[in-house]
Amino acid sequence: MYLVTITGNSLIVLAISCDRHLHTPMYFFLANLSCVDICFSSVTVPKMLANHVLESKSISYAGCMAQIYFFITFINMDGFLLSVMAYDRHVAVCRPLHYSMIMRPKLCVLLVAVSWVITNLHALLHTLLMVRLTFCSSNVVRHFFCDPYPVLKLSCSDTSVNDLVVFTVGGLIFLTPFTCIAVSYAYIFSDVLRLPSARGIRKALSTCGSHLTVVSLFYGAILGVYMRPSSSYSMQDTVATVIFTVVTPLVNPFIYSLRNRDMKGAIRKLIIQRLVLP
């Protein structure tokens with residue numbers, strides 16, 4: 001599954017980079033999403049596989065804190081990129097004549113850069129709050145990686161500040177992109193329903209279907225796991241965590257390529273160019 005995740009997302013990045021027809025804002029954001037998915041999956045899966053092969057279930061304290069930092073960074077970056085892509089679809093459907101003027105290359109780069117800054121600062125805040133805690137009893141993390149909630153449950157210090165930051169800052173970071181996505185699609189559906197023909201409605205919604213599928217899978221699992229106190233975290237939540245740490249990065253390339261004619265053509269062209277000798 002990990003090899004398929006890396007291969008599929010790498011193919012999307014290479015196809016978009018090599019095909020000039022795909023040098024548009026939508027595919028620029030998609031290439032960034034694929035890069036983040038590669039990193040996101042690489043935060044947890046390789047260590048888990050190494051532990052399985054070596055028959056060792058240990059991780060150093062520094063390694064655990066690093067996992068927490070990068071896990072928070074990339075999971076938030078996924079959410080921000082999905083919200084930026086929703087805004088891009090909103091402009092494409094609702095204001096097609098002004099699309100090239102609004103979605104300028106400088107704006108696209110700025111949106112991605114600001115997202116990186118926010119997500120890294122947020123991850124740094126959570127990691128610094130985690131480092132100040134004392135772990136003096138059990139050192140067994142009941143998870144397949146250092147998820148913040150199971151690690152918090154091991155602390156013998158007061159974690160009320162951590163829980164407060166999760167609900168305030170963390171909630172804001174999670175729900176802001178989600179709200180942007182909801183508002184963008186509210187405008188899209190409002191405009192689409194005014195179209196005179198069913199064919200026009202299908203055409204307009206076809207550009208949003210893949211994105212909506214990924215958003216539902218990603219946010220459905222996250223909201224169910226993290227939007228509540230760490231004390232209520234249970235083993236059942238591990239299953240939901242697998243969805244957005246392993247399954248979502250795995251299926252994203254298939255969702256976007258199988259439902260997109262341009263992506264399928266670019267990937268086919270890329271494979272043929274690499275296989276056929278000059």
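Rules and cut-offs
- Residues numbered from 1 in each chain as written.
- Predicted model: local features only at pLDDT ≥ 70, side-chain atom pairs only at ≥ 80, totals over all residues.
- Heavy atoms only, no water.
- Helix = DSSP H or I, 4+ residues; strand = E, 2+ residues; numbered from the N terminus.
- Buried < 20%, exposed > 50% of the residue type's maximum accessible area, 1.4 Å probe, protein only.
- Contact = heavy atoms within 4.5 Å.
- Areas by Shrake-Rupley, 256 points an atom, 1.4 Å probe, with all protein chains shown as cover.
- Disulfide = S-S within 2.5 Å.
- Expected span 1.5 Å × (residues − 1).
- Patch = residues over 30% accessible without salt bridge, like charges linked within 9 Å, V, L, I, M, F, W, Y side chains within 5 Å.
- Salt bridge = Lys/Arg side-chain N within 4 Å of Asp/Glu carboxyl O.
- Core = buried A, V, L, I, M, F, W, Y, C linked by side-chain atoms within 4.5 Å.
- UniProt positions renumbered as here; feature names shortened; annotations may be inferred.
- Phe/Tyr/Trp six-rings, centres within 6.5 Å; stacked < 30°, edge-to-face > 60°.

**Q** Explain the overall build of the protein to me, using residue names and the numbers behind them.
**A** Of the regular secondary structure elements, the protein holds eleven helices and zero strands. Each helix (α) and strand (β) of the protein, taken in turn from the N terminus, gives the series α-α-α-α-α-α-α-α-α-α-α. With 278 residues in all, the protein has 46% of them scored as buried. A sequence separation of at least 24 residues applies to 76% of the contacts in the protein between residues at least 6 apart. When the accessible surface of the protein is totalled, it reaches about 14500 Å², and 69% of it is carbon and sulfur.

**Q** Pulling in residues and values, what's your account of the state of the cysteines?
**A** Overall, the coordinates contain one disulfide when judged by the stated rule. Each disulfide pairs two cysteine sulfurs, and for C64 the partner residue is C146, the sulfurs being separated by 2.1 Å. Linking C64 and C146, the disulfide has an S-S dihedral of approximately -120° and is accordingly described as left-handed. Here C64, found in helix 3 (residues 61–94), pairs with C146, found in the loop between helix 5 (105–131) and helix 6 (148–153); they are 82 residues apart in sequence, far enough to count as distant. Residue C64 shares its accessibility class with C146, and that shared class is buried. No disulfide involves C35; its sulfur sits 6.9 Å from the nearest other cysteine sulfur, which is in C39. Judged by its relative accessible area of 32%, C39 falls in the partly exposed class.

**Q** Could you give an account of helix 5, naming the residues involved and the relevant values?
**A** A rise of 1.5 Å per residue sets the reference length of helix 5, with its 27 residues, at 39 Å; its end C-alpha atoms lie 39 Å apart and thus fit the reference within 8%. Of the positions making up helix 5, those classed as buried are C108, V112, S115, T119, H122, A123, H126, T127, L129 and M130.

**Q** Please give an account of a nonpolar patch on the surface that cites residues and values.
**A** The grouping of V117, L121, L124 and L128 at the surface amounts to a nonpolar patch, some 390 Å² of accessible area in total. As for its position among the elements, L124 is in helix 5. For L124, a relative accessible area of 39% puts it in the partly exposed group.

**Q** So, the nonpolar core: which residues are in play, and what are the values?
**A** With 61 residues, the main nonpolar core has L30 and M263 as its most contacted residues. At 15 residues, the largest contribution of residues to this core is made by helix 3. When neighbours within four sequence positions are excluded, L30 is seen to be in contact with I12, I16, M85, Y256 and M263.

**Q** An account of the UniProt feature "transmembrane region" (unreviewed entry) in the protein is requested, with residue identities and associated values reported.
**A** As recorded in UniProt, the sites labelled "transmembrane region" (unreviewed entry) are residues 26–46, 66–87, 107–125, 164–188, 209–227 and 239–258. Across residues 66–87, helical content stands at 100% and strand content at 0%; the span's end C-alpha atoms are separated by 32 Å. Between the end C-alpha atoms of residues 164–188 there is a gap of 35 Å, over a span that is 100% helix and 0% strand.

**Q** Now, about the packing of aromatic side chains: what can you tell me, with residues and values included?
**A** Following the criterion strictly, the structure yields eleven aromatic pairs and no others. Ring plane angle 55° and centroid distance 4.9 Å describe the contact between F71 and F145, whose orientation is recorded as tilted. Pair noted here: F71 is in helix 3 and F145 is in the loop between helix 5 and helix 6, with a separation of 74 residues, a long-range link. In this structure F145 comes out as buried when scored by relative accessible area, which is 4%. Counting every residue linked through ring pairs, the aromatic cluster contains F40, F71, F144 and F145.

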